[in-house]
Amino acid sequence: MELLIKNGLVVDGSGRPPYTGDILINHGQIIDIGKFYDNVARHVIDAKGNCVSPGFIDCHTHSEINLMYNRQHPNAVYQGVSTVITGMCGLGYAPMKPEYFGDAMKVNAGLFTNVSEYLPRWETFGEFLHYLNGCAVNVGANVTHNAIRQMATGFSSEPLKGKALDIAKNELEKSFEEGAVGFSVGLSYYPGSYSDTEELIELCKVVKKYDGVFCVHLRLNIFGPEFDPLQEMVRVASETGVRMHMLHHRTKYPNTIGHIEKILDPFNECKKYGSEVTFEYYPYLTGGGYVIVFLPGWIQDGGYSKIMERLQDKGLREKVLRAIEERYPLIVGEGTTGVITYLQDPYSEYLGKTFEEIAKMQGKTIPEMLVDLLVENDLEVGFHGTELENEDIRKQLFKDQMHMFERENYTIGSDTIPTGEWCHPRTFGTFPRVIRQAQEYGMPLEKIISKITKLPAHIYGLKERGILEKGYAADIVIFDPENITDCATYAEPRKVPKGINSLIVNGKVVMEDAGLSGMLPGRALKRQGC
C-alpha cells in the first residue's frame with residue numbers, strides 16, 4: 001500500500017462523532033479505515049494529537065486562470081482545501097469564441113489579471129476543463145452566464161431573446177454534457193446584468209434538466225423600490241424547480257444586520273416547488289472585486305474597446321463621473337471605503353491605499369481617480385472593501401454569520417481572488433478562520449467539518465468525495481483542532497494559517513508538516529453522470 005495515516009482522531013465528514021483510527025490509502029482511494037501495522041504502507045504519517053478529515057471543499061473561488069499558471073495553488077493547500085469550485089458570479093472564459101478571448105481577458109483583468117500570452121487556447125467547456133487537470137488541488141467548474149452570453153451576442157446590452165437565447169441554451173447544454181458542475185450568474189456584472197428574469201428562467205430550465213446547481217450573485221437594485229432582487233430569484237427557482245445556491249449570502253449593515261430572517265425567509269416558498277436552496281458566506285465583513293464594477297451598463301456595452309473609448313471621451317467625462325457617483329453607494333457600504341489591491345504596476349505607490357487616500361494624493365474626486373486608474377491600467381484594477389470600525393456592529397454581523405452557519409443548508413465559499421500581493425485575506429484565511437470561530441461559538445467539530453466537506457460535495461454533485469469512507473477518493477487533511485487559526489490580515493493578506501499540517505489529494509501528499517511537496521495530483525472534476 002502507498003500511504004497509512006495512523007493514530008488520528010477521525011472526523012469523517014458524515015456528522016458522526018469523531019473516533020480514533022488509521023486510514024489506509026492506495027491508488028488514490030481509501031482502502032480501509034481501522035487499525036493497521038506500519039509495515040503495510042510505504043509511507044506512514046503519524047497523526048497523533050491531530051484530527052483527520054476529508055479535504056475541505058471551497059465552494060466559491062475565482063481561481064481558474066491563476067490555476068493555469070500557478071498550479072501549486074498554495075493559498076488553497078495551506079488551508080487544507082483539496083477541491084476548489086471555479087466559474088463563479090457569472091464570470092468566466094468557457095465556452096469562448098476565439099475572437100472574444102482577448103476582449104474577455106481585458107474586461108476581466110482587474111479580477112483575473114491579463115495573462116493571455118501564457119495561456120493555452122480553448123473554445124469548448126470540455127477543452128477548458130482539460131487544462132485544469134494537473135494542479136495541486138482538484139477543480140470543479142461552473143459554466144458562466146457571461147461566457148454563454150458572449151457566445152450568443154458578444155458584449156451587447158440586450159436580454160437574450162429568440163435565436164440568441166436558443167444559442168445560449170445550446171451552449172449551456174453542451175457545457176453540462178462536457179462536465180460543468182453548475183451554472184453561475186453575477187447579476188451586478190456585465191454582460192450578465194443585461195439579462196432579464198425571463199432569460200434566467202429559460203436558462204435555468206436547462207440547468208434543471210441536468211440536475212445542475214444555479215449559483216446566484218444577486219442583482220444590484222438599480223430598478224427602484226418596486227424591484228426586489230431576492231424575489232427575482234425566488235421566482236426563477238419556483239418556476240423551474242432548479243436547485244439554487246446563493247453566493248456570499250449574509251446580513252449587512254444597516255439594512256439586514258441582526259435579522260437573518262430578512263435574507264433567508266423569502267426562499268421558504270421555493271420548497272413548495274421542489275427547489276432545494278443552499279447558501280454560503282465567507283467569515284469576513286467585506287468583499288472585493290474589480291473596479292470596472294463601478295461602471296454602469298451603458299459604458300460597458302460593446303466590450304473592451306468601447307469601454308476605453310467612452311472613458312477617454314472628454315465629451316462624456318461629466319456623464320461618466322455622475323454615473324459612477326450614483327452607482328458607488330450600491331457597491332461601497334455605509335461607513336466603509338475601498339482599497340486598491342491590484343494594478344498593472346506591482347510596485348505602484350497606490351497599492352494598499354484607500355480610495356480617499358489616492359484621490360487626495362492626485363487632487364481628484366473618487367470617481368475621477370477611478371476612471372483615470374482604469375484608463376492608465378487598461379482596466380486592470382482590483383479592490384477590496386474596508387470593515388466598519390464600530391465594534392458593536394462588527395460583533396453583531398459576526399454573530400449573524402454563526403447563526404447562519406448553524407443551519408443545515410449553509411456552507412463556506414472563500415470567494416478567493418488570488419490576484420496580486422494585496423489580495424483579500426480570505427484568500428489564505430477562510431477555512432482555518434471559520435473552524436476557529438465556529439469552535440469558539442460552541443459548534444461541534446463534526447458538524448463544522450461536515451458543512452465544509454459533505455455538504456459542498458452534495459451541492460456540486462462530486463461523486464465519492466466529502467466523506468472518509470472505504471472506496472472514496474483519498475482527499476484528506478490533517479490539522480490540530482486546538483491551534484488551527486488564520487494569520488492573514490488586510491495588512492498582511494498572504495500570511496499562511498497555523499494548525500494545518502498535511503494535505504493529501506487523490507492519495508498523494510501535497511503538503512506534509514506544513515511544507516509543500518510540489519506534487520500536482522489534482523483532477524478536473526466533472527458533474528456526476530459525465
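In case you missed it, the structure is sitting above this.
Below is a short write-up of the structure. (Residues numbered from 1 in each chain as written. Predicted model: local features only at pLDDT ≥ 70, side-chain atom pairs only at ≥ 80, totals over all residues. Heavy atoms only, no water.)

Secondary structure summary: the chain contains 19 helices and 21 strands in total. Taking 2.2 N^0.38 as the reference for a compact globule, 530 residues should give roughly 24 Å; the C-alpha atoms of the chain span a radius of gyration of 22 Å, in line with that estimate. As displayed, the chain offers around 20,000 Å² of accessible surface, 48% of which is attributable to carbon and sulfur atoms. Where the 55 positive side-chain charges of the chain centre and where its 69 negative ones centre are 3 Å apart. (Helix = DSSP H or I, 4+ residues; strand = E, 2+ residues; numbered from the N terminus. Rg over C-alpha atoms; globule rule 2.2 N^0.38 Å. Areas by Shrake-Rupley, 256 points an atom, 1.4 Å probe, with all protein chains shown as cover. Lys, Arg positive; Asp, Glu negative; His and termini not counted. Charge placed at Lys NZ, Arg CZ, Asp CG, Glu CD.)

This next bit is on the sheet that holds strand β15 (residues 382-385). In spatial order, the strands read β13-β15-β14; together these three strands make up an open sheet with antiparallel pairing. Whereas interior strands pair on both sides, the edge strands pair on one side only; in this sheet they are β13 (288-290) and β14 (338-342). For this sheet, the mean inter-axis angle between neighbouring strands, taken without regard to orientation, is 30°. In this sheet, β15 lies alongside β13 in antiparallel orientation, the contact comprising three bridges. Residue pairing for β15: G289 is matched across the bridge by F383. (Pairing = 2+ DSSP bridges. Axes fitted to C-alpha atoms, helices over the stretch in contact; angles between N-to-C directions.)

Consecutive residues of a regular strand have side chains that alternate between opposite faces of the sheet. On strand β17 (residues 476-479), burial covers both faces: I476 and I478 on one face and V477 and F479 on the other are all buried. As paired elements, strand β5 (residues 51-54) and β17 share four bridges and run antiparallel to each other. Bridge pairing links V52 to I478 in β17. As defined by bridge partners, β17 adjoins strand β18 (residues 500-505) across four bridges and the pair is classed as antiparallel. Bridge pairing in β18 links V477 to L503. (Buried < 20%, exposed > 50% of the residue type's maximum accessible area, 1.4 Å probe, protein only.)

We now examine unusual backbone geometry. Cis geometry marks the peptide bond from A94 to P95; its omega dihedral reads -5°. Take P95: it is sitting in the loop between β7 (81-86) and α3 (98-107). Here the phi dihedral of H27 falls at roughly 50°; this positive angle occurs in a residue that is not glycine. Its place among the elements puts H27 in the loop between β2 (19-26) and β3 (29-34).

The residue T427 is located in helix α17 (residues 426-441) in this model. On the accessibility criterion, T427 (1% relative accessible area) is buried. Other than its neighbours up to four places away in sequence, T427 contacts N75, Q79, T416, I417 and P418. (Contact = heavy atoms within 4.5 Å.)

Okay, the environment of V339 next. Counting through the fold element by element, V339 comes out in strand β14. Once the C-alpha coordinates of V339 and E356 are considered, the two residues, 17 residues apart in sequence, prove to be 8.9 Å apart. Sequence-distant contacts of V339, that is, excluding residues within four places in its chain, are made with G352, K353, T354, F355, G382, F383, H384 and T386.

Moving on: the side chain of R219. Tracing the chain through its elements places R219 in the loop between β10 (213-217) and α9 (229-240). Judged by its relative accessible area of 5%, R219 is buried. A distance of 3.2 Å separates the side chain of R219 from the backbone oxygen of S193, its partner in a polar contact. Engagement of the side chain of R219 in a polar contact is seen with the side chain of E232, the distance being 2.9 Å. Leaving out residues up to four positions away in the same chain, R219 has contacts with L187, S188, S193, S195, D196, L200, F227, P229 and E232. (Polar contact = N/O pair within 3.5 Å; in protein donor to acceptor, adjacent residues only side chain to side chain.)

Counting across every chain of the model gives 21 aromatic pairs. Ring geometry for F355 versus F383: centroids 5.8 Å apart, planes at 45°, classification tilted. Taken together, the positions of F355 in helix α14 (residues 355-362) and F383 in strand β15 put the pair 28 residues apart, joining distant regions of the chain. Note on accessibility: F355 and F383 belong to one class, buried. An aromatic cluster is present here, built from F101, W122, F125, F128 and Y131 joined pairwise through their rings. Over the face of the ring belonging to W298 we find K319, whose NZ or CZ atom lies 4.4 Å from the ring centre. Looking at K451, its charged tip hangs above the ring of F405, at a distance of 4.9 Å from the centre. (Phe/Tyr/Trp six-rings, centres within 6.5 Å; stacked < 30°, edge-to-face > 60°. Lys NZ or Arg CZ within 6 Å of the ring centre and 35° of its normal.)

So, about the environment of L67. Within the fold, L67 resides in helix α1 (residues 64-69). L67 sits 363 residues away from T430 along the chain, and the two C-alpha atoms are 18 Å apart.

Turning our eyes to something else, we now look at the state of the cysteines. The tally for this structure, following the rule as stated, stands at zero disulfides. The thiol sulfur of C51 is not disulfide-bonded, and the nearest other cysteine sulfur, from C487, lies at 18 Å. No disulfide involves C204; its sulfur sits 10 Å from the nearest other cysteine sulfur, which is in C215. (Disulfide = S-S within 2.5 Å.)

What follows is about the pattern of salt bridges. Pairing is possible between side chains of opposite charge, provided their charged atoms come close. One pass over the full model with this rule turns up 24 salt bridges. In this structure, K35 engages D22 in a salt bridge whose closest nitrogen and oxygen atoms are separated by 4.0 Å. Here the residue K35 occupies a position in the loop between β3 and β4 (43-46), and D22 occupies one in strand β2, the gap between them amounting to 13 residues. Taking relative accessible area as the criterion, D22 reaches 1% and is therefore assigned buried. Linking D196 and K161 is a salt bridge whose minimum nitrogen-to-oxygen distance equals 2.8 Å. Within this pair, whereas D196 is found in the loop between β9 (182-186) and α8 (197-209), its partner K161 is found in the loop between α6 (145-153) and α7 (162-177), the two being separated by 35 residues in sequence. Here D196 falls in the buried class, since its relative accessible area comes to 18%. Here the residues in one salt-bridge network are R433, R436, E440 and D486, joined through shared partners. (Salt bridge = Lys/Arg side-chain N within 4 Å of Asp/Glu carboxyl O.)

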